[in-house]
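# Overview (structure and organization)
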2 protein chains.
Amino acid sequence: MTGTVKLSDQQYAIMQVLWDNGSASAKQVQIELADEGWAHTTIGTVLSRLEKKDILASETVGRERKYRPLIQEGDVKRSMVSNLVSALFKGDSKQLLAHLLKEGEIDKNDLKDIGDLLDKDK
Amino acid sequence: MTGTVKLSDQQYAIMQVLWDNGSASAKQVQIELADEGWAHTTIGTVLSRLEKKDILASETVGRERKYRPLIQEGDVKRSMVSNLVSALFKGDSKQLLAHLLKEGEIDKNDLKDIGDLLDKDK
DNA sequence: TGACATCTACTACATATGTAGTAGAGTTAT
DNA sequence: ATAACTCTACTACATATGTAGTAGATGTCA
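Below: a short report on this structure. (Residues numbered from 1 in each chain as written. Chains lettered and ligands numbered in written order. Predicted model: local features only at pLDDT ≥ 70, side-chain atom pairs only at ≥ 80, totals over all residues. Heavy atoms only, no water.)

### A look at the protein's contact with DNA strand D
Selection rule: Proximity is defined per residue: any heavy atom of the residue falling within 4 Å of a molecule or strand makes that residue near it. N or O atoms within 3.5 Å of each other form a polar contact, as long as, within protein, one can give a hydrogen and the other can take it, and as long as residues adjacent in sequence are counted only when both atoms are side-chain atoms. Only DSSP runs of H or I reaching four residues or more are called helices, and only runs of E reaching two or more are called strands; each is numbered from the N terminus.
As a matter of local geometry, DNA strand D sits amid 16 residues, with A:Ser8, A:Gln10, A:Thr45, A:Arg49 and A:Lys53 nearest to it. Considering the 4 Å shell around the protein, atoms of DNA strand D inside it are sugar or phosphate in 46% of instances. Side-chain polar atom of A:Lys53 to a phosphate oxygen of DNA strand D: 2.7 Å apart, as the coordinates give it. At the level of elements, α1 (9–21) and α3 (40–52) of chain A together with α2 (26–32) and α3 (40–52) of chain B are the ones that each hand at least two residues to the surface near DNA strand D. Tallying contributions element by element places α3(A) first for the surface near DNA strand D, with four residues.

Laid out in structure tokens, this is it:
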């Protein structure tokens, strides 16, 4: 069981860098997330905390300390989306879909496109 | 601007009772959320905090203190879904839709049903 | 090798949240 | 009226998070 993982936006953004790269140094994270304007020490703190919670592991490779995710992005997504659906849509994903349509986040064509993709992949 | 509202699961559950009823007393909330097993004082604390943040208002009506939401459920949903899509799906709602399909949360028939509904409503 | 640059670990502090006890005001039943 | 009950306000405390400074370890360049 992967259990329920829930990350803050900040934590997710940082994990995203690790996922995208397989693993990364604090420096790399800092560079890729430069837009956010977080102090490098802030990134370091968040990384340590995630390590303490076994969400990632770190090891020194040569002179670099590499941070490596211990959980899969897909698992976290599943867990977080599922959590949102439970909390906001009474556990009914179709209501989320309906919401997306109603808010114009997606439209009928998107539905159709994805339906077509499914047919093809099958 | 409604700004960005983000509620914890617990806060959302409590607001949900207010939204469903227009407004409600702490007692009512407590009863409707009995399953959660929260102490009534816990509900009270959460209600006060939400009031302090102008997410709800309270007024004494007769001998009852009624709590009334100051923000709409739709706005909170929009805001929270949008936040999730930004954080997890690079802001692309279609990716969320794809995720739901991939995880089997919804299937092709759901897509079709909703598409039909849209046609009808139009 | 000594001054400087890097990087991580540790410390610090404010806010948010989960959780609930206690006190005090008001209500009610006998 | 007085004891019992109800309800909210206040207090309390632990954990999580956002944010970042400082110190100490290590690496690098002149």
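### Some details on the protein's contact with DNA strand C
Taken together, 16 residues lie near DNA strand C, and B:Ser8, B:Gln10, B:Thr45, B:Arg49 and B:Lys53 sit nearest. At the protein interface, 45% of the atoms of DNA strand C within 4 Å belong to sugar or phosphate. B:Gln10 is positioned such that a nitrogen or oxygen atom in its side chain is 2.7 Å from a phosphate oxygen of DNA strand C. Contact between DNA strand C and B:Ala39: a phosphate oxygen at 3.4 Å from a main-chain N or O atom of the residue. Looking at the surface near DNA strand C, the elements that each hand over two or more residues are α2 (26–32) and α3 of chain A together with α1 (9–21) and α3 of chain B. Counting residues per element, the surface near DNA strand C draws most heavily on α3(B), at four residues.

### Here we look at the sheet that holds strand β2 (residues 56–61) of chain A
Residue and element names in this part refer to chain A. Basically, it comes down to this: A pair of strands is considered paired only if DSSP assigns at least 2 bridges between the two. Any two residues having at least one pair of non-hydrogen atoms within 4.5 Å are treated as being in contact. Note on method: axes are straight lines fitted to C-alpha atoms, helices fitted across the in-contact stretch only, with angles between N-to-C directions ranging 0 to 180 degrees.
Spatially, β1-β3-β2 is the arrangement adopted by the three strands of the open sheet, whose pairing is antiparallel. Lying at the two open borders of the sheet, with one neighbouring strand each, are β1 (24–25) and β2. Where β2 lies against strand β3 (residues 64–69), six bridges are found, and the strand directions are antiparallel. The residue bridging Leu-56 from the neighbouring strand is Pro-69, located in β3. α1 contacts β1, β2 and β3 of the sheet and is inclined by roughly 95° relative to β3. In the packing of α3 onto the sheet, the strands contacted are β2 and β3, and the crossing angle to β2 comes to about 115°.

### Quick look at the sheet that holds strand β1 (residues 24–25) of chain B
Each strand in a sheet pairs with its neighbour through backbone hydrogen bonds, running either in the same direction (parallel) or in the opposite one (antiparallel). All names here are of chain B. In space, the three strands of this open sheet follow the order β1-β3-β2, with antiparallel pairing throughout. Taken across any chain shown, the strands that pair with only one partner, and hence form the sheet edges, are β1 and β2 (56–61). In this sheet, strand β3 (residues 64–69) lies alongside β1 in antiparallel orientation, the contact comprising two bridges. By the bridge assignment for β3, Ala-24 is matched with Tyr-67. Contacting β1, β2 and β3, α1 crosses the sheet at an angle of about 95° to β3.

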